[in-house]
Structure formats: C-alpha cells, structure tokens
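Listed below, chain by chain, are the residues.
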Amino acid sequence: MKRPKNKGRVWERGQTGFDEAVLATSFNGRDPGHRPQVLVEANNILDVQNALARAHEEGLKVSICSGGHSWAQNHLREGGLLLSMARINQVKVDAEQKTARVGPGCWGIDLNRTLKKHGLFFPVAHAPDVAMGGFLLQGGFGWASRALGLATQSVIGLDLVLADGRLVHANETENPDLYWAARGSGPGFFAVVVCYHLKLHQRYKSVGMKVQVFKRENLDDVYRWADEIGPNVPRSVEFQMLMTPKAMGIFKPGIEVFAPVLTHSWQEAKQAVQFINDSPIRQKASFTTPLVPMSTNFMSIVANITHFPPSVRWCADNIWTNAPIDSLLPGLNNIMDSMPPAPSHSLWLNLYPPQSRPDMAYSLEADRYLAVYGEWKRAVDDAKYENWATGCMETMQQHSVGIQLADENLGKRPAPFMAAENLEKLDSLREKHDPTGLFHAWMGRHDQ
Ligand SMILES: Cc1cc2nc3c(=O)[nH]c(=O)nc-3n(C[C@H](O)[C@H](O)[C@H](O)COP(=O)(O)OP(=O)(O)OC[C@H]3O[C@@H](n4cnc5c(N)ncnc54)[C@H](O)[C@@H]3O)c2cc1C
C-alpha cells in the first residue's frame, strides 16, 4: 500500500482514473469487478458529512475504508458511495496523560514511530500498513495483545459521524451503546469513525524474536507440540507458527515457529522463550536461532516483504478452535498439501484468551486460532485459487466455534463471528442508529 499523498477528491464512475482510484484503496490486488457509483476521498469531517448527505439524497448505500486491508475487500461493493478515510490520519499524543487521538487512516507503523519518541506503546497490527480504522473496529490482535488485551480494549473513546450526519463522541458514559458496538463490530459497523481516543502503554525495553524451522515431514509432531505447550506459553510471547511451501532458510515446504517477545528486561525475555530450547522436538528442527533483539517495526516490515507482499491477489479465511489436536491434523495436512505457492501460508496462534474481557461487541474467540492466506499473481489463476481458503476452512468447520473478523470471508463462507446475544444487540443498535440502512453490513449478511 502507498500512503495517499494527494488531496482527496470526489470521483464519479466513468471518469478517467476512476477504476485505478477505486482499486488503489485495496491491499488485495484481486479485482472483484464491483465498482461504486461514487468514490469520496475525505480530507476532513465536513467531507464525511457532505458525502453522507449526498448518499441520502441520491439513495446510495455507503461503504467505508481506511487502510483497505480487508482481505475480502469488504468496501468494494457494486454501486453506492465508497468513502475513503485514508487521508484522515493525524496522530496527537498527550504524553503526560498517556493518551492519543488518532485518525482512522493512520497506519500502525506510523503510530508506533510517533509513540517511540515518547517512550509509549500501543498494540498496533503486525503488518505496518494496516490502518487503525478497520483494525480497532474488529478487535485488533496487535503486538503484545496477549499481555495488554485486544487493541480495541485500549480505545477509550471515538468521534463518530452517524447516518444522520451528526458528529458525536462515544465512550463509557457518553453514547455507551455506540462505544460498545464499535469495539468488535468490524466491517459491520454502522457509523463513520473519524477519530479514535486511545489509552497508551509503557514502551517495552526488551523486544526480540526467536525462530525455529521444521520440514514438512515433521508437521504432525510440531502441531502436537504447539498444542501441548499452548496454555503455558508466557503472555509476553506471541507464539505463532506459519506453515508455508517455502519455509525460511530451507526453501521447502515447512513450518516456521516464531516467538516474538516483548518484556522489560532481556533476562525476562530469554526466560520467556526458553520453552523453545527445552522442546522435546528441538532435535528435529532444521535450525533454531538465538533470541535476537529487534524492534516490532523491523519485524513488521520483514513480514510484509516475506509473507504479505501488496498488489498481489489474496484469499483468506479462518477458524477459532478448541478441538483436540488429533481431529485437526487431517485438516492441517490438507492445508499444507493443497496450498498455492509461497508466500501463501497458514497461521496457527496459541491465543488462550483471558477468562473475561470487557463487555463489548467482540465476544467470540477460542484457545487456538487457525487462518489460511492464499496468494497468486495472475488473473488467469483466479478460478484456480480464489476458493482455496474457504475450501480448507469448510473441511474443518465441524471443529470450529466461529471466525475472527480480522481475516473474515463472510461473503463466501458465512460463519458465527460474535456471541448470538451480542449480534442480536448489535442488530437492534443498527436499526436505532441507521434506520434506513445507509451503511453496508457484513458481506453475506443483510445486504448481499
Ligand atoms: C497484511 C495484513 C496483515 C494483518 N495483520 C493483522 C494483525 O496483525 N492483527 C489483526 O487483528 N488484524 C490484522 N489484519 C486484519 C486487519 O486488521 C483488518 O482487515 C482490518 O479491518 C484492516 O483495517 P483497514 O482500515 O486497513 O482496512 P479497511 O479494509 O479499510 O477496513 C475494513 C472494514 O472496516 C470498516 N471501516 C474501516 N474504516 C472505517 C471507519 N473509519 N469507519 C467505519 N468503518 C470503517 C469498513 O467496513 C471496512 O470495510 C491484517 C490484514 C492484512 C491484509
């Protein structure tokens, strides 16, 4: 993705450059063929209010994007008005209060760089260019989220433009229902976020990464081990594994075990990742690195180069699961053997969420998270690969308790994404705050 450099403007369908401007809003290089009638690149709140007024007047349904990282390209719908918030990307830090006001178009890496100057931290997404707009609405599993909570738990308030054009603030005491809804509704939110008010955290002093790589033939052993150690991995470690056709260093199908760690002392960091050195399958690893100091920004940039290149075609899907590992292994082997070429990959995350979280729309998760990301470059391969991710997850559906909205593909595979009572409450709030259905809801639901 590129940061927008030009001043935002209004594009009408059919104008020269319209298609390019619309497709440039999306990280995923796949062209779904849908085009809005109008694209409004907002520069400020007034532009947002004018866009919504026009949408009302002309009967246009509204979709919104900030950083365009929805894998499913949720904002690219046929007809209607597409509102891009990419240019509303300011960051204002109050270092004394440890708070910040951040525009939805702000990228995680930009926020992190600003906070570094103040010795402060926010659990931004793992990819540098994911914007706060969509990231915080869907929950936000960011750096240190196992320790600090989901990023949305550090949202202390929001400025919103509602369907009727009013600018309101929402927090625990002011418009609490909107505050509740914004933290977890993800691509089904029914207002425009124009500013997030964030609680900031102390910056970690010791940050590093340990890596271990296994060949494909060890797949069953590696996932059994990961499953066994899951509940005991320290919260300072974001233990995750990537299965890929071209694993780091061995350039063959394999499993990359990553243990990024964020702590306040190097000694603590070393102890936290010791379980990798002590692993009973360590001898089977092709290699194990020492714990190497590196910043989260560096890790994010490298991950983008190696695993998340932009402007290529992607399909993604996921499941939350508590199922026994033996029942998951056939599905995991199928993912490995059917995966499109690298950098396609599958993510396994030992989340083990806390016993409880604050009351908010976000309400569905499990101990383990499994996601698949298929990548290809040529339009002629669309038919071959675009259903790969949903196909893999369909075969494992019976082991799933639902999906996470970060990697949703609801248009292709509907699945539960929040607790039933929360979804009911969210639907009634939608009726209250967006009675005419101005905003699109999740794909595959309500309006497709
Ligand atoms: C390479 C990559 C890495 C990722 N890494 C992580 C990660 O580490 N952790 C994680 O939790 N997720 C991750 N994600 C998922 C990502 O957080 C979600 O896709 C998120 O929605 C992206 O936000 P965005 O603003 O960039 O995307 P957009 O596509 O712009 O937004 C997604 C949806 O959110 C809604 N929306 C966006 N902005 C607004 C707004 N201002 N007001 C109202 N609604 C709005 C819209 O419905 C929109 O369709 C990753 C995705 C990618 C592609």
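Presented here is an overview of the structure given in this document. The shown structure was predicted, so the numbers you read here are calculated from the model rather than taken from an experiment.

Overview of the overall build of the protein
Here comes step 1: Broken down by element type, the protein carries 14 helices and 20 strands.
Here comes step 2: For the C-alpha atoms alone, the extent of the protein along its principal axes is close to 65 × 55 × 40 Å.
Here comes step 3: Counting every position in the protein, which comprises 448 residues, the buried fraction comes to 60%.
Here comes step 4: Contacts in the protein between residues far apart in sequence, at least 24 positions, make up 72% of those at least 6 positions apart.

Quick word on the site of the ligand
Here comes step 1: In the region of the ligand, 31 residues are neighbours, and Ser-66, Gly-68, Asn-74, His-126 and Phe-141 sit closest.
Here comes step 2: Between an oxygen atom of the ligand and a main-chain N or O atom of Ser-70, the distance comes to 3.0 Å.
Here comes step 3: Within the backbone of Pro-187, one N or O atom sits 3.5 Å away from an oxygen atom of the ligand.
Here comes step 4: Burial of the ligand by the protein chains amounts to 95% of its free accessible area of 950 Å².
Here comes step 5: Elements with a contribution of two residues or more to the shell around the ligand: strand S3 (62-65), helix H4 (132-137) and strand S10 (192-199).
Here comes step 6: A per-element tally of the shell around the ligand places H4 first, with 4 residues.
Here comes step 7: By residue class, the composition of the shell around the ligand is 19 nonpolar, 12 polar and no charged.

Structural notes on the side chain of Thr-321
Here comes step 1: Its place among the elements puts Thr-321 in strand S17 (residues 313-321).
Here comes step 2: On the basis of relative accessible area, Thr-321 is assigned to the buried category, the value being 0%.
Here comes step 3: A distance of 3.0 Å separates a polar atom in the side chain of Thr-321 from the backbone nitrogen of Ala-323.
Here comes step 4: One polar contact links the side chain of Thr-321 to the main-chain carbonyl oxygen of His-399, over a distance of 2.7 Å.
Here comes step 5: Not counting chain neighbours up to four residues away, the residues in contact with Thr-321 comprise Leu-328, Ala-366, Asp-367, Arg-368 and His-399.

What to know about unusual backbone geometry
Comment: phi is negative for the bulk of residues other than glycine, and the bulk of peptide bonds are trans.
Here comes step 1: In this chain, Ala-342 is followed by Pro-343 through a cis amide linkage whose omega measures 10°.
Here comes step 2: Along the polypeptide, Pro-343 turns up in the loop between helix H11 (325-338) and strand S18 (345-350).
Here comes step 3: The backbone of Lys-98 sits at a positive phi, close to 55°, despite the residue not being glycine.
Here comes step 4: Within the secondary structure layout, Lys-98 lies in the loop between strand S5 (91-94) and strand S6 (99-102).
Here comes step 5: A relative accessible area of 38% places Lys-98 in the partly exposed class.
Here comes step 6: Not every positive phi belongs to a glycine, and Tyr-352 is a case in point at roughly 45°.
Here comes step 7: Turning to its location among the elements, Tyr-352 is positioned in the loop between S18 and strand S19 (368-376).

Focus on the nonpolar core
Here comes step 1: Residues Leu-83, Phe-122, Met-132, Leu-160 and Leu-198 are the most contacted members of the largest nonpolar core, which totals 98 residues.
Here comes step 2: Filtering out sequence-adjacent residues up to four positions away, Met-132 remains in contact with Val-102, Gly-103, Pro-104, Cys-106, Gly-108, Leu-111, Phe-122, Val-124, Tyr-196 and Leu-198.

Some words on the pairing of S17
Here comes step 1: For S17, the tally of buried residues reaches 9 of 9 residues, placing the bulk of the element in the interior.
Here comes step 2: Here S17 shows no split at all, with Arg-313, Cys-315, Asp-317, Ile-319 and Thr-321 on one side and Trp-314, Ala-316, Asn-318 and Trp-320 on the other all buried.
Here comes step 3: As paired strands, S17 and strand S20 (residues 400-402) are joined by 2 bridges and run antiparallel to one another. Looking at S20, one finds that Thr-321 is bridged to Ser-400.

Some remarks on the environment of Ala-147
Here comes step 1: On the secondary structure map, Ala-147 appears in helix H5 (residues 145-148).
Here comes step 2: Ignoring any residue separated from it by four or fewer positions in sequence, one finds Ala-147 in contact with Tyr-204 and Arg-235.

Here we look at helix H2 (residues 45-58)
Here comes step 1: The terminal C-alpha atoms of H2 lie 20 Å apart, and with 14 residues this matches the ideal 20 Å at 1.5 Å per residue to within 8%.
Here comes step 2: Burial in H2 covers these residues: Val-48, Ala-51, Leu-52 and Ala-55. Projection of H2 onto a plane perpendicular to its axis shows the buried side chains occupying an angular sector of 95°, all on one side. Turned more than 90 degrees away from the buried face of H2 sit Leu-46 and Glu-57, all of them exposed.
Here comes step 3: Turning to H2, the residues buried within the fold contact strand S2 (38-41), S3, strand S4 (81-84), strand S8 (155-161) and S10.
Here comes step 4: The opening residue of H2, the one whose side-chain oxygen lies 3.2 Å from the backbone nitrogen of Leu-46, is Asn-44.
Here comes step 5: Positive phi appears at Gly-59, one or two residues downstream of H2, with a value of about 65°.

What counts, and at which threshold
Residues numbered from 1 in each chain as written. Predicted model: local features only at pLDDT ≥ 70, side-chain atom pairs only at ≥ 80, totals over all residues. Heavy atoms only, no water. Helix = DSSP H or I, 4+ residues; strand = E, 2+ residues; numbered from the N terminus. Buried < 20%, exposed > 50% of the residue type's maximum accessible area, 1.4 Å probe, protein only. Contact = heavy atoms within 4.5 Å. Near = heavy atom within 4 Å. Polar contact = N/O pair within 3.5 Å; in protein donor to acceptor, adjacent residues only side chain to side chain. Areas by Shrake-Rupley, 256 points an atom, 1.4 Å probe, with all protein chains shown as cover. Nonpolar A, V, L, I, M, F, W, Y, C, P; charged D, E, K, R; others polar. Core = buried A, V, L, I, M, F, W, Y, C linked by side-chain atoms within 4.5 Å. Pairing = 2+ DSSP bridges. Expected span 1.5 Å × (residues − 1). Arc of directions from axis to C-beta.

None of this, on its own, says anything about what the molecule does.
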